[in-house]
Amino acid sequence: MGKVKTIARRTFLIGSAAVAGGLVVGYWRYKTPYANPLLDELEPGEAALTPYVRIDQSGITIITPRAEMGQGIHTTLAAMVAEELDVALDAINVEHGPASKAYFNAALLEEAAGYPAYDLSASAERVRGLTKIPAKFLGLQITGGSTSTVDGFVKMRKSGAAARLMLLQAAADTLGVETTELVTQNGAVHAPDGQVLRYESLAVAAGAVEAPDDPPLKPESQWTLLGKSLPRIDMVGKVTGTAEYAIDVRLPEMLYATVRMNPNLGGALKSFDASAAEAMPGVKKVIELEGGVAVVATNTWYAFKAAEAIECEWETANYPAETAGHFAAVAAAFDDDADSDMRDDGDVDTAMIEGADLEAEYRVPYLAHATMEPLNAVAWVRDSKLDIWAGTQFPTQAVKEGEDITGIDADNIRVHTTYMGGGFGRRSEMDFIKQTLRVANEMHGFPIKLTWSREEDTRHGTYRPPAIARFRANIGDGKPSAIDLQLSAPSVTESQLGRIGLSAPGPDVSIVQSAWDQPYRVDNYRVTGYRPPVMLPISYWRSVGASQNGFFHECMLDEIAVTADADP
């Protein structure tokens, strides 16, 4: 365990490099770092050692490892670096980095540590730190779970701080003075004699400076950007329509596709007759897929209309046909063994031995993500190379799917992660990307843009799971003296990981998320999670378990307050 703790807590900064008139700096986890993905993009004679910050003659660029889907993370990450670099926010460019394990999300597993977010004790922080070890080995470059700021808060600031110290040293060497005589301000180094050296002019020299192992960070009292309301750096592009989403991508000789899939989710396609569709204007090809068909045409509308004309015979589904059957399965799980008992304070059974003062049950249904931008992707297979343009929350998985479907080596697969018109967890899924890849592989040499219709999007979602909450409560002296909350919902983790070939051992914390970890003080307080089987495909939906459990928990407390004749 001592070695594990050492790996978990120690970090170091990999140096710097002159990169054809530029400087690249990054904060890196100690021991065996993943290869720097920027190396694959360099021209002959260039060099790069780290993946996060690039300074060249065109300015300062943050390579952000997280997807921008409207949550403002590009602005947040830019502000972290800008704060430590002493540079104005509007002086920084932002690019989404290539798909790479180097950009793994270290905060992804923190919630599984078993401590509520408000517990900042040494033991809680130590265990959270240990979760970064499996997170690194998984190497998942994924945006979700409200983890982007937590994951980037230190590493992005350290990148900016390291770059600033290296630029200071380069300026000191150039001017023949000590670094203590210099200050940085607005993207430049200022000398006591009035000379001003812009960062861009120092980049090559800074590339030869050894990077500090653990650069100090500004104290909060000196922050000028962080903690402030800042203008979104993507604002102009979005209000003028120049920001590029996947649905905006246009390539020479592009063909357009859509799909028609079995409305019985998971059911197979028995047979189909595409003769009418193949005779329609613009139609190039009808391709059979697992569970449905794709139509390739000269524009998206032609593809949509042709897909409607295909006669299909579908297999039935293996889940209940009616909503009532799904809720019956969720309710039945209360009679099985618990999936988790994350909170069990006091002695609820003894406190309620004579019964409860209040009992209630709440239910919530499946919910679709219904993103504003339809699900779509572009793929181009040619000359043993694959390019993918997609608004995706999971670019490293897109590479794996591309490798599996096309047989092209991962080194020759490039994912261009665009802005996305809403994600909410839906764009961490691979179904629409895999379909695009299969069609593009069939139509070798032609860029393929595949777009789902609204009907397909709603019918073939990966939904928020149905859930039931049952609670009992006792009340004394105007406040709850005992609460017993039981929650049942299919496992999102089991469903989503299963689709990418991974298992989900142990309990699913998301079933009880934002219920067990609430900061209410009740002497006898138990929260138990139950896990019915997965029926429809389910996935992370904005705020994950908190989506339903915040509603359950706060409604429960309101009812308790009303019963206690107290102000909620």
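Residues numbered from 1 in each chain as written. Predicted model: local features only at pLDDT ≥ 70, side-chain atom pairs only at ≥ 80, totals over all residues. Heavy atoms only, no water.

(A) Fine view of the sheet that holds strand β17 (residues 385-390). Judged by pairing direction, the sheet is mixed, and its seven strands sit side by side in the order β11-β12-β9-β19-β16-β17-β18 without closing on themselves. Two strands lie at the open edges of the sheet, namely β11 (283-289) and β18 (413-417), each paired on one side alone. Direction aside, neighbouring strands of the sheet carry axes that sit 20° apart on average. Where strand β16 (residues 376-382) meets β17, six bridges bridge the pair, whose relative direction is antiparallel. From the neighbouring strand, Val-378 faces β17, where its bridge partner is Trp-389. Running over the sheet, helix α12 (residues 395-406) touches β16, β17 and β18 and is turned about 140° from β18. (Pairing = 2+ DSSP bridges. Helix = DSSP H or I, 4+ residues; strand = E, 2+ residues; numbered from the N terminus. Axes fitted to C-alpha atoms, helices over the stretch in contact; angles between N-to-C directions. Contact = heavy atoms within 4.5 Å.)

(B) Main features of the side chain of Asn-376. In this fold, Asn-376 is placed in strand β16. A distance of 3.0 Å separates polar atoms of two side chains, one belonging to Asn-376 and the other to Glu-373. A distance of 2.7 Å separates the side chain of Asn-376 from the backbone oxygen of Pro-374, its partner in a polar contact. In this view, Asn-376 contacts Ala-246, Ile-247, Arg-427, Phe-432, Leu-450 and Thr-451; residues no more than four positions away in its chain are not counted. (Polar contact = N/O pair within 3.5 Å; in protein donor to acceptor, adjacent residues only side chain to side chain.)

(C) Highlighting the sheet that holds strand β7 (residues 188-190). Read from one edge of the open sheet, three strands run β6-β7-β8, paired in antiparallel fashion. Every other strand in the sheet has two partners, leaving β6 (183-185) and β8 (196-198) as the edge strands with one partner each. Averaged over all adjacent pairs, the angle separating strand axes in this sheet is 30°, with direction ignored. Pairing geometry for β6 and β7, over three bridges, is antiparallel. Bridge pairing in β7 places Val-183 opposite His-190.

(D) Here's a closer look at helix α9 (residues 300-309). For α9, the full list of buried residues reads Ala-303, Phe-304, Ala-306 and Ala-307. If you follow the buried residues of α9, they end up packed against β9 (255-261), α8 (275-278), β11, β12 (292-297) and β19 (448-451). At the N-terminal boundary of α9, the capping side chain belongs to Asn-299, with an oxygen 3.1 Å from the backbone nitrogen of Trp-301. (Buried < 20%, exposed > 50% of the residue type's maximum accessible area, 1.4 Å probe, protein only.)

(E) Region of interest: the packing of α12 against helix α13 (residues 431-442). Following both chains from N to C, one finds α12 and α13 inclined at 35°, their axes separated by 10 Å at the closest point. Two packed elements cross with a definite hand, and for α12 against α13 that hand is right-handed. Contacts between α12 and α13 pair Ala-398, Glu-401, Gly-402, Ile-405 and Thr-406 from the former with Ile-433, Lys-434, Leu-437, Arg-438 and Asn-441 from the latter. Residue composition of the contact of α12 with α13, grouped by class: four nonpolar, three polar and three charged. (Left-handed = near helix turned anticlockwise from the far one by under 90°. Nonpolar A, V, L, I, M, F, W, Y, C, P; charged D, E, K, R; others polar.)

(F) Expanded view of unusual backbone geometry. Phi angles above zero are rare outside glycine, and Ser-146 is one such case at about 55°. Locating Ser-146 in the fold gives a position in the loop between α4 (132-138) and α5 (148-175). With a phi angle near 55°, Asp-477 is a residue other than glycine that sits in the positive phi range. Among the structural elements, Asp-477 can be located in the loop between β20 (467-476) and β21 (479-488).

(G) Structural detail: the pattern of salt bridges. In this structure the tally under the stated criterion is 31 salt bridges. Of the charged contacts in the structure, one is a salt bridge between Asp-151 and Arg-66, with a shortest N-O distance of 2.8 Å. Taken as a pair, Asp-151 in helix α5 and Arg-66 in the loop between β4 (59-64) and α2 (73-85) lie far apart in primary sequence, 85 residues in all. The class for Arg-66 is buried, based on a relative accessible area of 1%. For Glu-361, the salt bridge is made with Arg-363, and the minimal N-O distance between the two is 2.9 Å. (Salt bridge = Lys/Arg side-chain N within 4 Å of Asp/Glu carboxyl O.)

(H) Broad picture of the packing of α5 against helix α6 (residues 199-206). Following both chains from N to C, one finds α5 and α6 inclined at 85°, their axes separated by 8 Å at the closest point. The angle between α5 and α6 falls in the class roughly perpendicular. Where α5 abuts α6, its residues Met-166, Leu-167, Ala-170, Ala-171 and Thr-174 lie against Tyr-199, Leu-202, Ala-203, Ala-205 and Ala-206. Within the contact of α5 with α6, the residues separate by chemical class into nine nonpolar, one polar and no charged. (Parallel < 35°, antiparallel > 145°, perpendicular 65-115°, else oblique.)

That is the geometry; function is a separate question.
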